[in-house]
Amino acid sequence: MNLFADIRALVIECLTQMTSEGVLPDGLTFDNVAVEPPRDAAHGDMATNAAMVLAKPAKMKPRDIAEALAAGLAADARVSSADVAGPGFLNLRLDAAVWGQVMKDVLTNPDFGRSDMGAGKKINVEYVSANPTGPLHVGHTRGAIFGDALASLLDYAGYDVTREYYINDGGGQVDVLARSVYLRYLEAHGQTVEFEDGTYPGAYLINAGEALKAKVGDAYVGQPEDVWLADVRSFATDAMMDLVREDLASLGINMDVFFSEKSLYGTGRIEQAIEDLKSKDLIYWGTLKPPKGKMPEDWKPREQWLFKSTEFGDDEDRPVQKGDGAWTYFAPDIAYHFDKVSRGFDALVDVFGADHTGYVKRMKAAVAALSENRVPLDIKLAQIVRLFKNGEEFKMSKRAGTFITVQDLVDEVGKDVARFIMLTRKNDTPFDFDFDKVTEQSKDNPVFYVQYAHARVHSVMRKAGDAGIDLSDLAGADLSLATHPAEMAVAAKAAEWPRVVEIAARTNEPHRIALYLYDLASELHGLWNRGNDDVSLRFIQEDNVAASQAKIALVKSVSVVISHGLSILGVTPAEEMR
RNA sequence: GGACCGUUAGCUCAGCUGGAUAGAGCGCUGCCCUCCGAAGGCAGAGGCCAGAGGUUCGAAUCCUCUACGGUCCGCCA
């Protein structure tokens, strides 16, 4: 049950009633009516802006509407009071039994918080999509974790989610990879090689060179490139994708689909997508204006095939072919998204690195064109992460072969910490990842703080079990024995969970889940410590089994919500801190 | 020259798509364990929400301009 949705439905019902009674004029829309938790707890449990939103279209005073609405709402058993405040807010207090029902629902319904807002719509989330030229480095982790958590969130919100990885195995960088592996292959045959500019010197290719030797023996030694390039390219790509899959697994990521760029070449699929755009009169033969500002040295005006992305809000039309007649990177990307659209997705999400900023408009333009505006594409950019250790930033350099890998990160802080920390920030804000802070076990480390709350609840349950308190039917506990305002505040926070899920899913912002969990954990820690001053607030009441059960049911429901939330983020809930 | 993102407490960041007196952590000050894990909690100090206009009952939030920072700008992917 989603309490906020339920109460909002009640508000709408009352407003409809008021309309039919002639208190409100006909023809009002209630879309903007919101029911929210008030910022200040002193204002009650929930607040609605209905009166202020409707005042203008109804040509009435907000307070008049609010007072009439208050009378209607107060008649409902769930509402214990409805007060008009400020400019026309209506503050509601709910009956204590309502919170008890929510807690029972949390404890008995494993799907508490799941939403059907997605209505089973097919949505494709593409993320990572790193070039298959080596293991993943830290620069990839933020997008990887963000995309994965977003996919889980959308699944939780009722979408039919496909997690997809686009393998860039069609471009020139794969030739570079093949040549680099070939050098390692020669090395495996005892030759001394040099890694010149334009090759990857990374040690991770040594295994690939040896594996190639094991596969083909000396067949390619001393042979010209045209003999071995195609084979080595596909061999090396496969080997790198194995590494990538391992890296993803260590972050807890499992893709549903790996889509190969190469599969678009020589199969007519790029041509087909371009033809589709041509038939819509969106591809033309023309010349681009020279770029303003810094002018490339060798720039010359040239006629080429251009996509009319300006018709969809882009700043310039975009070329789909290079000077040598080969496709630009954009062309297979168009074909790839054409494929996604043809596969029947109702919505697409792409998670890109910040270096793809300039790519967003043209990609949205392409999808709008290909799907004739049927399929929305949301593009999320993962901003840069800077790594700090011992107060100093350390950088990555792929060319030098000294970049920090995903494995380094996971070895250092663990999967759970890496995931949670990356998800406590909005994806489009750059942030600093401080190894020293996140390995601390203190409030400075939000993962620990949330895990600790979860563990504390389990600690209580262990203690209660030792004390002989029966915990087998917490959902059946008499929750009217835990209605102190401090306890109700915790219940109210837990009851917000379904609402948070919907907001996070609607905005494609999984960080809201992490921040909410932090707040919820904070409520729990606060209540725990109230027990220091006020013995009646301790969870285990020595001489009162029924009260103990009620209080433990309350905190147990908090731990259940925390574990739901952590599972969306891909973080393991801890039952004990060590 | 242009595009996109950002600018909120000393520092790192939230702010629920326009609501009430702008929030949290760190740091600073002072309290709280004969008590289920103090790995916690409570309280205090600290703000011209970058600046200027505009929209309306109401703006950190929406619009315009300016400043600063980041990312990027055909023939890399």
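Residues numbered from 1 in each chain as written. Chains lettered and ligands numbered in written order. Predicted model: local features only at pLDDT ≥ 70, side-chain atom pairs only at ≥ 80, totals over all residues. Heavy atoms only, no water.

Time to look at the pattern of salt bridges. For the structure on display, the rule yields 27 salt bridges. A salt bridge links E225 to R179; the shortest N-O distance between them is 2.8 Å. Taken together, the residues E225 in helix 8 (residues 225-250) and R179 in helix 6 (residues 172-188) connect sequence positions 46 residues apart. Take E225: its relative accessible area is 32%, and that puts it in the partly exposed class. Taking the shortest distance from any N to any O, the salt bridge between K361 and D315 comes out at 3.2 Å. (Salt bridge = Lys/Arg side-chain N within 4 Å of Asp/Glu carboxyl O. Helix = DSSP H or I, 4+ residues; strand = E, 2+ residues; numbered from the N terminus. Buried < 20%, exposed > 50% of the residue type's maximum accessible area, 1.4 Å probe, protein only.)

So, on to the protein's contact with RNA strand B. Lining the immediate surroundings of RNA strand B are 68 residues, of which F89, W299, Q441, Y449 and I503 lie closest. Each atom of RNA strand B within 4 Å of the protein was classed as base or backbone; sugar and phosphate made up 60%. One nitrogen or oxygen atom from the side chain of Y449 is found 2.4 Å from a phosphate oxygen belonging to RNA strand B. The contact in question runs from a base oxygen of RNA strand B to an N or O atom on the backbone of N532, over 3.2 Å. Within the residue set of the surface near RNA strand B, elements represented by two or more residues are helix 2 (50-58), strand 4 (89-94), helix 6, helix 15 (446-466), helix 17 (497-507) and helix 18 (511-533). When residues of the surface near RNA strand B are assigned to their parent elements, the largest contribution, nine residues, is made by helix 18. For the surface near RNA strand B, the per-class residue count stands at 23 nonpolar, 21 polar and 24 charged. (Near = heavy atom within 4 Å. Polar contact = N/O pair within 3.5 Å; in protein donor to acceptor, adjacent residues only side chain to side chain. Nonpolar A, V, L, I, M, F, W, Y, C, P; charged D, E, K, R; others polar.)

Attention now goes to the pairing of strand 3 (residues 79-85). In this sheet, strand 4 lies alongside strand 3 in antiparallel orientation, the contact comprising six bridges. Each bridged residue has a counterpart across the sheet, and for S81 the counterpart in strand 4 is R93. Counted between consecutive antiparallel strands, the loop separating strand 3 from strand 4 contains three residues, among which G86 sits at a positive phi close to 50°. (Pairing = 2+ DSSP bridges.)

It is worth spelling out the environment of R425 at this point. Within the fold, R425 resides in the loop between helix 13 (415-422) and strand 15 (431-434). Relative accessible area serves as the criterion here: at 40%, R425 is assigned to the partly exposed category. For the pair R425 and L481, spaced 56 residues apart in sequence, the C-alpha to C-alpha distance is 39 Å. Every residue in contact with R425, bar those within four places of it in the chain, is listed here: R142, F431 and H511. (Contact = heavy atoms within 4.5 Å.)

Our focus in this paragraph is the environment of D256. Here D256 is to be found in the loop between helix 8 and strand 7 (257-260). In this structure, the C-alpha to C-alpha distance between D256 and R163, residues 93 residues apart in sequence, is 5.1 Å. Engagement of the side chain of D256 in a polar contact is seen with the backbone nitrogen of R163, the distance being 2.8 Å.

What follows covers the layout of surface pockets. For the largest pocket, the calculated volume is near 850 Å³. Lining the largest pocket are 34 residues, with G139, H140, G353, D355 and H356 positioned closest to its centre. Of all the secondary-structure elements, those providing two or more residues to the lining of the largest pocket are helix 5 (138-156), helix 10 (330-342), strand 11 (347-353), strand 13 (385-389) and strand 14 (392-394). Looking at the lining of the largest pocket residue by residue, the classes come out as 15 nonpolar, twelve polar and seven charged. (1 Å grid on protein atoms, 1.4 Å probe; cavity = no way out; pocket = protein on both sides within 12 Å on 5 of 7 lines; lining within 4 Å. Points joined across faces, edges and corners; volume = space filled by probe spheres on them.)

Below, the discussion takes up the sheet that holds strand 6 (residues 160-167). Within the open sheet, the five strands sit side by side as 7-6-5-11-12. Their pairing is parallel. This sheet does not close on itself; its edge strands, each paired only once, are strand 7 and strand 12 (377-382). If you compare each strand with its neighbour and ignore which way they point, the axes differ by 25° on average. Examined bridge by bridge, strand 6 and strand 7 share four bridges and lie parallel to one another. Bridged to Y166 within strand 7 is F259. Sheet strands in contact with helix 5 are strand 5 (122-126), strand 6, strand 11 and strand 12, and its direction is about 160° off that of strand 6. Contacts from helix 11 (residues 360-370) reach strand 11 and strand 12 within the one sheet, and its direction differs from that of strand 12 by about 160°. (Axes fitted to C-alpha atoms, helices over the stretch in contact; angles between N-to-C directions.)

Okay, empty space enclosed by the protein next. In the structure shown here, the tally under the stated rule is two cavities of 30 Å³ or more. Volume-wise, the largest cavity comes out at about 80 Å³. Lining the largest cavity, in full, are A96, W99, G100, M103, L479, A482, T483, E487, M488, A491, A550 and L554. At the level of secondary structure, the elements contributing two or more residues to the lining of the largest cavity comprise helix 4 (96-108), helix 16 (485-495) and helix 19 (545-569). Counting residues per element, the lining of the largest cavity draws most heavily on helix 4, which supplies four residues. For the lining of the largest cavity, the residue count by class is nine nonpolar, two polar and one charged. In this structure, the second largest cavity encloses a volume near 40 Å³.

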